[in-house]
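# Summary of structural features
So the chains spell out like this:
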Amino acid sequence: TSRRRSVLLLGGTLIAGLSARKQLHAQGATDTPRAPSSLEREPPRPLPTETFTDRDGIEHTLADRRGRATIVHLWATWCGPCIQELPALAALTPSLQQVGIDVLPIAVDHRGAEVVLPYLEKLKLSTFVTYFDQRRAIPASLEEEALPLTLFLDRQGMRVCTHAGPILWNEAGTQDTLLRLMT
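For the structure given in this document, a descriptive report is provided here.

## Observations concerning the overall build of the chain
- Across its full length, the chain holds five helices and seven strands.
- Listing every helix and strand of the chain by position from the N terminus yields α-β-β-β-α-β-α-β-α-β-β-α.
- Per-residue burial over the chain gives 43% buried out of 183 residues.
- Intrachain contacts of the chain at a sequence separation of at least 6 include 74% that bridge at least 24 residues.

In C-alpha cells form, the structure reads like this:
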C-alpha cells in the first residue's frame with residue numbers, strides 16, 4: 001500500500017544516505033593507546049600531496065611543512081579514541097614546539113569547522129589550532145581507514161613513521177622519544 005511504500009522508500013533513502021558517507025573507523029587499529037617509546041622509525045616515504053584547509057578555508061599541503069619536523073595527527077569528533085587522546089596531545093604541543101617539532105592536527109569530519117570548532121570549545125581546547133580534511137583525502141591517499149592516524153615527518157619532509165590508533169602522549173620521556181624518532 002501507499003504507507004508501506006513510503007516507509008520502504010524512506011528506509012532505502014536512509015540506507016543509501018548512510019552508505020554514501022562511509023566513515024573512517026578504527027578497523028585494524030587497536031583502541032589501546034600505544035606508548036611513543038614503542039614506535040619505530042620506518043624507511044622515509046614521500047608525503048601525500050592532497051590539500052587540507054585552515055579555519056579560513058585557505059588550502060595547505062603537507063609539503064608546506066618541509067624544514068620542520070611535524071606530527072600530523074588525523075582525528076574526528078565521532079572517534080572515541082581520538083577524543084580521549086586529544087587533550088594530552090594539546091598539552092604536549094607547546095613543549096614539542098620548543099624543541100622544533102610542530103603538531104598539525106587535521107580533523108576529517110565531513111562538515112569541517114562547523115562541527116569541529118564548537119567541539120574543541122566543549123573540550124576546552126579552543127586554542128588547539130586544527131586544520132580540516134573534509135574530503136578525507138589524506139587517509140584515502142594512504143589507503144588507511146583507521147583513526148586516529150598519526151604521521152611523523154622528518155625535517156626533509158619525509159614520512160618516517162605512521163601509527164594507526166591512539167598514542168599515550170603523556171608518557172614520561174615522550175619529547176625525547178619523538179626527537180629521536182623524527183630527527
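Still more ground to cover, so stick around.
## Things to note about the packing of helix 2 (residues 80-98) against helix 5 (residues 174-182)
- Across the interface, helix 2 lies against helix 5 with an axial gap of 10 Å and an inter-helix angle of 55 degrees. When the axes of helix 2 and helix 5 are compared, the pair comes out oblique. Considering only the axes of helix 2 and helix 5, their crossing is right-handed. Within the contact between the two elements, helix 2 uses L92, S95 and L96 and helix 5 uses T174, Q175 and L178.
- Here the contact of helix 2 with helix 5 is built from residues that sort into three nonpolar, three polar and no charged.

## What to know about the state of the cysteines
- Enumeration according to the criterion identifies one disulfide in this entry.
- Disulfide partner of C79: C82, at an S-S distance of 2.3 Å. Taking the torsion about the sulfur-sulfur bond, which here is approximately 75 degrees, the covalent link between C79 and C82 counts as right-handed.
- Under the relative-accessibility criterion, C79 is labelled buried at 6%.
- What makes C82 buried here is its relative accessible area of 0%.

## Focus: the pattern of salt bridges
- As enumerated under the stated definition, the model contains five salt bridges in all.
- E42 is paired through a salt bridge with R45; the nearest N and O atoms lie 2.0 Å apart.
- Owing to a relative accessible area of 23%, E42 belongs among the partly exposed residues under this scheme.
- The class of R45 is partly exposed, set by a relative accessible area of 29%.
- Salt-bridge contacts for D102 lead to R65; the nearest nitrogen and oxygen are separated by 2.4 Å. Of this pair, D102 sits in strand 4 (residues 101-107) while R65 sits in the loop between strand 2 (59-61) and strand 3 (69-75), and the two are 37 residues apart along the sequence.

## Description of the nonpolar core
- Residues I71, I106, F152 and L178 are the most contacted members of the largest nonpolar core, which totals 43 residues.
- Going through the elements one at a time, strand 3, helix 2, strand 4, helix 3 (113-122), strand 5 (131-132), strand 6 (149-153), strand 7 (159-164) and helix 5 are the ones with two or more residues in this core.
- If you tally residues by element for this core, the top one is helix 2, at seven residues.

## Description of the packing of aromatic side chains
- Within this structure, the stated rule accounts for two aromatic pairs.
- Each ring, one from F152 and one from W169, has its centre 6.4 Å from the other, and the planes form 40 degrees; the classification is tilted. In this pair, F152 is assigned in strand 6 and W169 in the loop between strand 7 and helix 5, connecting sequence segments 17 residues apart.
- The class of W169 is buried, set by a relative accessible area of 1%.

Conventions adopted
Residues numbered from 1 in each chain as written. Predicted model: local features only at pLDDT ≥ 70, side-chain atom pairs only at ≥ 80, totals over all residues. Heavy atoms only, no water. Helix = DSSP H or I, 4+ residues; strand = E, 2+ residues; numbered from the N terminus. Buried < 20%, exposed > 50% of the residue type's maximum accessible area, 1.4 Å probe, protein only. Contact = heavy atoms within 4.5 Å. Axes fitted to C-alpha atoms, helices over the stretch in contact; angles between N-to-C directions. Parallel < 35°, antiparallel > 145°, perpendicular 65-115°, else oblique. Left-handed = near helix turned anticlockwise from the far one by under 90°. Nonpolar A, V, L, I, M, F, W, Y, C, P; charged D, E, K, R; others polar. Disulfide = S-S within 2.5 Å. Salt bridge = Lys/Arg side-chain N within 4 Å of Asp/Glu carboxyl O. Core = buried A, V, L, I, M, F, W, Y, C linked by side-chain atoms within 4.5 Å. Phe/Tyr/Trp six-rings, centres within 6.5 Å; stacked < 30°, edge-to-face > 60°.

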